[in-house]
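Chain by chain, the residues run as shown.
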Amino acid sequence: MFSTELAQTLLSGVLMGLIFSLVAVGLTLIWGIMDIVNFAHGDFLMSGMYISYWMYALWGIDPLLSLPVSGAFLFFLGMVAYRLVIRRILGAPMLIQIFATFGIMILMRYLAFYFFKPNYRSIQQTLLSGNIDLHGVYLSIPQLAAAAGAFLTTGAVYVLIHKTRVGGALQATAEDREAAALMGINTDRMFTLAWGIGAATAGIAGSLLSTFFYIFPEVGGIFGLIAFVAVTLGGFGNVAGAFVAGILIGVVEAMAGYLYDPALKTVFVYVLFLGVLFFRPQGLLGVE
Amino acid sequence: MLSIDRIAVDYDGVPALHDITVRVPEGAIVAVVGSNGSGKSTMLKTAAGLLHPSRGTITFEGADISRTPAHEIPKMGIALVPEGRKLFGKMSVRRNLDMGAYTRTSRAEIERNLERVFRFFPRLSERLSQQAGTLSGGEMQMLAIGRAMMSNPRLLMLDEPSLGIAPNLVDRIFEVIADLNAKENLTILLVEQNVSEALSLAHFGYVIQTGRTVLSDTGKALLDSPMVRKAFLGM
Ligand SMILES: Nc1ncnc2c1ncn2[C@@H]1O[C@H](COP(=O)(O)OP(=O)(O)OP(=O)(O)O)[C@@H](O)[C@H]1O
Ligand SMILES: [Mg+2]
């Protein structure tokens, strides 16, 4: 039986999933190009949330309008992180690379604690508010807008990578750094760009989330982990895979909360994660 | 045009080339032969800027390119068809060709180069949307050469273009190289295991051994030299 409650759960799962997708796409992009897991990815998202929060709290600017600011700022921050830290550890052992991005994560998180305090904050009044009633299924308009924004941004990244000249250069760098250089592609610049785009997508996701999700210094942890799971499920470096996996995770989480216990919904995501690792280690969409 | 002058190259401190000298005059086909591990690929990678010499210099049309990074080499007019082809296997044939034209900005010029590639390799024009990784060995080599041609180079360097392809196609590849030189005015630096074919095609040849240039002469003279006959032709 297809109850409205079930429809409600599925739909909110998809809406949340679209945001997970956006966060995962940025992470998988960086992995695909340089085989580095960015543990600070969730904290880039956290920065985007705070940018929208403070622009709202201080100047009354709606998150819809601060979104481009947080995208641009995070684009810049991602490039700076690459230039200052990541570039130095490119050929280094895996463990050093993990420590480096972990270091960025800790730094950002504790700067947020220091400056913003551990308080849970939220944005109350926004341009978009209220609910839409679809035959008894209520969808919150901020969440709907956030999902639409996430979908559009993910689509833009996809088009950039697959249809444009610079996207071709990113893909070429991902496939074979040496061959890319032989084509005249400055691979170091592509790495910088990938970090910029990766961080910008996280920042945009943060702004989109800021209208309906609590904002606190550790919020990045939740999204960073979920993004990592989505990247693994979708196949490392696979943008389309990360997109599908993000939605899947959103639905699984919502269904688990509905059928079982909301407090344990994330547990089911990890069960799914372990299941896939066990049976399809190349990811759901990955090829061997 | 290209002058590799007494270079030494190492991989993280392990020497690979000790003393290599190769000169490529404008308009010529120059072949470099040598046994496995003698340093042929290392030499080409160095000329393409992927590695840099620890001693000696490389000049191209008078400019020192010893320390020029690889991504700045194509726009100077040098292209390398690397060992193992190094295609972008997940991309379409068309996109591989577009990547070859990465340094070209004029639409008209890119179209001209594309037509030229199709003139040499009509088969590629039938496979534009196919994933490069699914091509046959011969088609991959055609694409690798075509991709290099897309940057409109004046010097084309090829690393064992005949390796791993069907015997009837090997002749075709050598024909293409001869045509590119004679009809399209491309200067060619060719590294080959296929010693007799390469030296008969080449105006000049060099023999390298364990990272050293040991012999150089015209292609014909090298073919007749006792050392080449003994070492490479089993005579
Ligand atoms: N990436 C690398 N790292 C370390 N050493 C290398 C590397 N590539 C080549 N070498 C070493 O450098 C020397 C020259 O190798 P190179 O590949 O240039 O020879 P080659 O003449 O092209 O051989 P082949 O005919 O087998 O292609 C060899 O001793 C090889 O082991
Ligand atoms: Mg070689």
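In case you missed it, the structure is sitting above this.
Residues numbered from 1 in each chain as written. Chains lettered and ligands numbered in written order. Predicted model: local features only at pLDDT ≥ 70, side-chain atom pairs only at ≥ 80, totals over all residues. Heavy atoms only, no water.

Asker: I keep staring at the pairing of strand 1 (residues 131-134) of chain A and nothing clicks. Help me out?
Answerer: As a general feature of sheets, a regular strand has side chains that alternate between the two faces. All names here are of chain A. Pairing geometry for strand 1 and strand 2 (residues 137-140), over four bridges, is antiparallel. Bridged to N131 within strand 2 is S140. Connecting the antiparallel pair strand 1 and strand 2 is a turn made up of two residues, with H135 showing a positive phi of about 50°. (Pairing = 2+ DSSP bridges. Helix = DSSP H or I, 4+ residues; strand = E, 2+ residues; numbered from the N terminus.)

Asker: Is there a simple way to think about the site of ligand 1 in this case?
Answerer: Residues and elements named next belong to chain B. Near ligand 1 you find 13 residues, and of these K40, S41, T42, E83 and Q193 are the closest. T42 is positioned such that a nitrogen or oxygen atom in its side chain is 2.5 Å from an oxygen atom of ligand 1. Interatomic distance of 3.3 Å between a side-chain N/O atom of E160 and an oxygen atom of ligand 1. Across the complex, the protein chains shield 60% of the 640 Å² of accessible surface that ligand 1 would expose by itself. Among the elements that make up the shell around ligand 1, the one with the highest residue count is helix 1 (residues 40-47) (three residues). (Near = heavy atom within 4 Å. Polar contact = N/O pair within 3.5 Å; in protein donor to acceptor, adjacent residues only side chain to side chain. Areas by Shrake-Rupley, 256 points an atom, 1.4 Å probe, with all protein chains shown as cover.)

Asker: Any chance you could explain the coordination of the magnesium ion (ligand 2) here in plain terms?
Answerer: A four-donor tetrahedral metal ideally has 109.5 degree angles, and a six-donor octahedral metal ideally has angles of 90 or 180 degrees. Residues and elements named next belong to chain B. Taken together, the protein ligands of the magnesium ion (ligand 2) are S41 (OG) and E83 (OE), with distances of 1.9 to 2.4 Å. Separated by 42 residues along the polypeptide, S41 in helix 1 and E83 in the loop between strand 6 (78-81) and helix 2 (93-100) bring together distant segments of the chain. Judged by its relative accessible area of 16%, S41 is buried. Of the residues examined, E83 reaches a relative accessible area of 40% and is grouped as partly exposed. (Donors = N, O, S within 2.8 Å, 3.2 Å for Na, K, Ca; no water. Buried < 20%, exposed > 50% of the residue type's maximum accessible area, 1.4 Å probe, protein only.)

Asker: Honestly, empty space enclosed by the protein in this entry has me stumped. Any pointers?
Answerer: If a probe the size of a water molecule is rolled over the atoms, the empty space left behind becomes visible. Within the structure shown, the criterion is met by three cavities of 30 Å³ or more. Lining the largest cavity are 13 residues, and of these P63(A), L64(A), L128(A), A145(A) and T211(A) sit closest to its centre. Counting residues per element, the ones that place at least two in the lining of the largest cavity are helix 3 (63-84), helix 5 (141-163) and helix 8 (187-209) of chain A. Forming the boundary of the second largest cavity are L182(A), M183(A), P74(B), A79(B), L80(B), G100(B), R147(B), A148(B) and S151(B). Counting only elements with at least two residues in the lining of the second largest cavity, the list comes to strand 6 and helix 5 (137-149) of chain B. (1 Å grid on protein atoms, 1.4 Å probe; cavity = no way out; pocket = protein on both sides within 12 Å on 5 of 7 lines; lining within 4 Å. Points joined across faces, edges and corners; volume = space filled by probe spheres on them.)

Asker: For this particular structure, what's the right way to read the environment of Q193(B)?
Answerer: Residues and elements named next belong to chain B. For Q193, the position within the fold is in the loop between strand 8 (187-192) and helix 7 (195-201). A relative accessible area of 35% places Q193 in the partly exposed class. Considering only alpha carbons, one finds Q193 and N36, 157 residues apart in sequence, at a separation of 8.4 Å. Ignoring sequence-local partners within four residues, the contact set of Q193 consists of N36, K40 and E160. Polar contacts involving the side chain of Q193 include one to the side chain of E160, which spans 3.3 Å. (Contact = heavy atoms within 4.5 Å.)

Asker: Is there a simple way to think about the packing of aromatic side chains in this case?
Answerer: The relative placement of two aromatic rings is captured by the distance of their centres and the angle of their planes. Residues and elements named next belong to chain A. Applying the stated criterion across every chain yields a total of 17 aromatic pairs over all chains. For the pair W31 and F236, a centre-to-centre distance of 4.7 Å together with 50° between the ring planes defines the contact as tilted. Within this pair, whereas W31 is found in helix 1 (residues 4-34), its partner F236 is found in the loop between helix 9 (219-234) and helix 10 (239-259), the two being separated by 205 residues in sequence. Here W31 falls in the buried class, since its relative accessible area comes to 18%. Among the aromatic residues, those joined into a cluster by ring pairs are W31, F228, F236 and F273. Positioned above the aromatic ring of Y114, the side-chain terminus of K117 is 5.8 Å from the ring centre. (Phe/Tyr/Trp six-rings, centres within 6.5 Å; stacked < 30°, edge-to-face > 60°. Lys NZ or Arg CZ within 6 Å of the ring centre and 35° of its normal.)

Asker: What am I meant to see in the pattern of salt bridges here?
Answerer: Where charged atoms of side chains with opposite charge meet at close range, the side chains can pair. Residues and elements named next belong to chain A. According to the stated counting rule, one finds 17 salt bridges over all chains in the structure shown. D43 is the partner of R109 in a salt bridge, and the nearest nitrogen-oxygen pair spans 2.9 Å. With R109 in helix 4 (residues 94-116) and D43 in helix 2 (residues 41-59), this residue pair connects regions lying 66 residues apart in the sequence. Notably, a salt bridge pairs D188 with R83, separated by 3.7 Å at the nearest N-O pair. Of the two residues, D188 sits in helix 8 while R83 sits in helix 3, which places them 105 residues apart along the sequence. Its relative accessible area of 21% is what places D188 among the partly exposed residues. Linked through salt bridges whose partners overlap, the residues forming this network are R83, R87 and D188. (Salt bridge = Lys/Arg side-chain N within 4 Å of Asp/Glu carboxyl O.)

Asker: Could you clarify how one ought to interpret helix 10 of chain A in this entry?
Answerer: Two residues of an α-helix separated by three or four positions point the same way, owing to the 3.6 residues in each turn. Between its first and last C-alpha, helix 10 of chain A extends 30 Å over 21 residues, near the 30 Å set by a 1.5 Å rise per residue. The N-capping residue of helix 10 of chain A, defined by a side-chain oxygen 3.2 Å from the backbone nitrogen of A240(A), is N238(A). (Expected span 1.5 Å × (residues − 1).)

Asker: Help me out: how do you make sense of unusual backbone geometry in this one?
Answerer: One non-glycine residue with positive phi stands out, namely K117(A), at about 65°. Among the secondary structure elements, K117(A) is positioned in the loop between helix 4 and strand 1. Residue E160(B) is not a glycine yet carries a positive backbone phi of 50°.

Asker: Explain helix 11 (residues 265-279) of chain A to me, please; I cannot follow it from the model alone.
Answerer: Residue and element names in this part refer to chain A. Here helix 11 spans 22 Å end to end across 15 residues, near enough to the 21 Å set by a 1.5 Å rise per residue. Here helix 11 has its buried residues at V269, F273 and V276. The arc enclosing the buried residues of helix 11, seen along the axis, measures out at 70°, which places them on a common side. Opposite the buried face of helix 11, by more than 90 degrees, sit the exposed residues V271, L274, F278 and F279. At its buried positions, helix 11 is contacted by helix 9 and helix 10. (Arc of directions from axis to C-beta.)

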